[in-house]
Amino acid sequence: QIPIGTEIEGMNILGLVLFALVLGVALKKLGPEGEDLIRFFNSFNEATMVLVSWIMWYVPIGIMFLIGSKIVEMEDIVLLVTSLGKYIFASILGHFIHGGIILPLIYFASTRQNPYHFL
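Residues numbered from 1 in each chain as written. Predicted model: local features only at pLDDT ≥ 70, side-chain atom pairs only at ≥ 80, totals over all residues. Heavy atoms only, no water.

Draft legend 1. Inspection of the domain arrangement of the chain at higher detail. Each assigned domain of the chain is listed here: domain 1 (8–57) and domain 2 (74–118). For domain 1 and domain 2, the distance between their C-alpha centres works out to 43 Å. (Domains from an automatic or database assignment.)

Next comes the structure, spelled out in structure tokens:
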């Protein structure tokens, strides 16, 4: 079935952004009376940033343990290492082709100068 209609479930982000803009303008128009609420939102923003920084510091440890548990559950670790080695080789080869051949060709085509001299 192909859904037809204008009603889509989810958050109304545009309405939320518009409300935030209008509230900010209204608080600024209030002058000194709106300063308390502006300070509250600034403090709330700082507290949220502290929480986000904590999360950013501790999430890699959790991800390491999640990956470690999956590696321990695997029966053939040699298959994992060979697959990972192939992926790393393909990734490095792709980066070398892109950075060593494709990008210099684009540079040469657009400037008619030696790209390796520029590098």
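Draft legend 2. Seen up close, the pattern of salt bridges. Evaluated as defined, the whole model comprises two salt bridges. Arg39 is the salt-bridge partner of Asp36, the closest N and O atoms lying 2.5 Å from each other. You can see Asp36 and its partner Arg39 sitting in helix H2 (residues 35–73), three residues apart, about one turn around the helix. A salt bridge links Lys70 to Glu73, with the shortest nitrogen-to-oxygen separation between them at 3.8 Å. With Lys70 and Glu73 both in helix H2 and three residues apart, the pair spans about one turn of that helix. Residue classification places Lys70 among the exposed positions, given a relative accessible area of 53%. (Salt bridge = Lys/Arg side-chain N within 4 Å of Asp/Glu carboxyl O. Helix = DSSP H or I, 4+ residues; strand = E, 2+ residues; numbered from the N terminus. Buried < 20%, exposed > 50% of the residue type's maximum accessible area, 1.4 Å probe, protein only.)

Draft legend 3. Molecular detail of unusual backbone geometry. A positive phi is found at Arg112, a non-glycine position, where the angle reads about 60°. For Arg112, the position within the fold is in the loop between helix H3 (77–111) and helix H4 (115–118).

Draft legend 4. Region of the structure containing the packing of aromatic side chains. For the structure shown, the criterion picks out three aromatic pairs. With 4.9 Å between their ring centres and 20° between their planes, Tyr107 and Phe118 make a pair best called stacked. Of the two residues, Tyr107 is situated in helix H3 and Phe118 in helix H4; the sequence distance between them amounts to eleven residues. Relative accessible area serves as the criterion here: at 57%, Phe118 is assigned to the exposed category. (Phe/Tyr/Trp six-rings, centres within 6.5 Å; stacked < 30°, edge-to-face > 60°.)

Draft legend 5. Structural context of the UniProt feature "transmembrane region" (unreviewed entry) in the chain. UniProt's feature table lists "transmembrane region" (unreviewed entry) at residues 12–27, 48–67 and 87–109, given in the numbering used throughout. Span residues 12–27 is 94% helix and 0% strand, its end C-alpha atoms 23 Å apart. The span residues 87–109 carries 100% helix and 0% strand; its end-to-end C-alpha distance comes to 31 Å. (UniProt positions renumbered as here; feature names shortened; annotations may be inferred.)

Draft legend 6. Local environment of the environment of Leu37. Summarising the element assignment, Leu37 is placed in helix H2. Leu37 sits 13 residues away from Gly24 along the chain, and the two C-alpha atoms are 10.0 Å apart.

Draft legend 7. Molecular detail of the packing of helix H1 (residues 13–30) against H2. Between H1 and H2, whose axes approach to 8 Å, the crossing angle comes to 135°. If you check the angle between H1 and H2, you find them oblique. Of the residues in H2, those in contact with Leu23, Leu27 and Lys28 of H1 are Glu35, Leu37, Ile38 and Phe41. Residues that form the contact of H1 with H2 fall into these classes: five nonpolar, no polar and two charged. (Axes fitted to C-alpha atoms, helices over the stretch in contact; angles between N-to-C directions. Parallel < 35°, antiparallel > 145°, perpendicular 65-115°, else oblique. Contact = heavy atoms within 4.5 Å. Nonpolar A, V, L, I, M, F, W, Y, C, P; charged D, E, K, R; others polar.)

Draft legend 8. Seen up close, a nonpolar patch on the surface. On the surface, a cluster of nonpolar side chains totalling about 860 Å² of accessible area is made up of Phe89, Leu93, Phe96, Ile97, Ile101, Ile102, Leu103, Leu105 and Ile106. Tracing the backbone through its elements, the reader meets Leu105 in helix H3. The class of Leu105 is exposed, set by a relative accessible area of 53%. (Patch = residues over 30% accessible without salt bridge, like charges linked within 9 Å, V, L, I, M, F, W, Y side chains within 5 Å. Areas by Shrake-Rupley, 256 points an atom, 1.4 Å probe, with all protein chains shown as cover.)

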